[in-house]
Amino acid sequence: MKIKQLIKLLEKEDPNRIVLIASDSEGNSYHLFGGFFGLANCQKNGHEYEIWDEDDEEEERKGKPAFVLYP
């Protein structure tokens, strides 16, 4: 999903609702949305994604820009 798609979905919702993040795809627990990190890059690794920020000192990695949500 891209940010513009998320914005369209959120515009339809009540802006006074709290935002929760599921801990996993099964919804075993939920956490209050705490913040975001918009300067990451990501690369798919199997069913998951690896992320790194632009200041990562390891070898230069290629990937797609990512916007990461944190509980």
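In this text, all values refer to a predicted model and were calculated from it rather than measured experimentally. (Residues numbered from 1 in each chain as written. Predicted model: local features only at pLDDT ≥ 70, side-chain atom pairs only at ≥ 80, totals over all residues. Heavy atoms only, no water.)

Section: the overall build of the protein
- The helix and strand inventory of the protein stands at one helix and five strands.
- Written out in order from the N terminus, the α and β elements of the protein read α-β-β-β-β-β.
- The 71 residues of the protein split such that 11% are buried.
- For the protein, the accessible area works out to roughly 6,700 Å², and carbon and sulfur atoms hold 52% of it. (Helix = DSSP H or I, 4+ residues; strand = E, 2+ residues; numbered from the N terminus. Buried < 20%, exposed > 50% of the residue type's maximum accessible area, 1.4 Å probe, protein only. Areas by Shrake-Rupley, 256 points an atom, 1.4 Å probe, with all protein chains shown as cover.)

Quick notes on the sheet that holds strand 3 (residues 35–45)
- With antiparallel pairing, the three strands of this open sheet are ordered in space as 4-3-5. Here the strands that pair on one side only, and so sit at the sheet edges, are strand 4 (48–53) and strand 5 (64–70). Looking at each pair of strands side by side, their axes are set apart by 55 degrees on average, direction ignored.
- Direction of pairing for strand 3 relative to strand 4: antiparallel, over a ladder of six bridges. (Pairing = 2+ DSSP bridges. Axes fitted to C-alpha atoms, helices over the stretch in contact; angles between N-to-C directions.)

Overview of the packing of aromatic side chains
- For the coordinates displayed, the defined rule picks out one aromatic pair.
- Relative to Phe-67, the ring of Phe-36 has its centre 4.8 Å away and its plane inclined at 25 degrees; by these criteria the two rings are stacked. Placement of the pair is Phe-36 in strand 3 and Phe-67 in strand 5, with a sequence separation of 31 residues.
- Residue class for Phe-67 comes out partly exposed when judged on its relative accessible area of 37%. (Phe/Tyr/Trp six-rings, centres within 6.5 Å; stacked < 30°, edge-to-face > 60°.)

Some points on a positive patch on the surface
- Side chains of Lys-2, Lys-4, Lys-8, Lys-12 and Lys-64 sit close together on the surface and give a patch of like positive charge.
- Examined against the element boundaries, Lys-64 turns out to sit in strand 5. (Patch = residues over 30% accessible without salt bridge, like charges linked within 9 Å, V, L, I, M, F, W, Y side chains within 5 Å. Salt bridge = Lys/Arg side-chain N within 4 Å of Asp/Glu carboxyl O. Lys, Arg positive; Asp, Glu negative; His and termini not counted. Charge placed at Lys NZ, Arg CZ, Asp CG, Glu CD.)

Considering the side chain of Asn-41
- In this structure, Asn-41 sits in strand 3.
- On the basis of relative accessible area, Asn-41 is assigned to the buried category, the value being 18%.
- Here Asn-41 is in contact with Glu-50, Ile-51, Trp-52, Gly-63, Lys-64, Pro-65 and Ala-66, once residues within four sequence places are set aside. (Contact = heavy atoms within 4.5 Å.)

What about a nonpolar patch on the surface?
- Side chains of Ile-3, Ile-7, Phe-36, Phe-67 and Leu-69 sit close together on the surface and give an oily, nonpolar patch of about 480 Å² of accessible area.
- Of all the secondary-structure elements, those providing two or more residues to the nonpolar patch are helix 1 (3–11) and strand 5.

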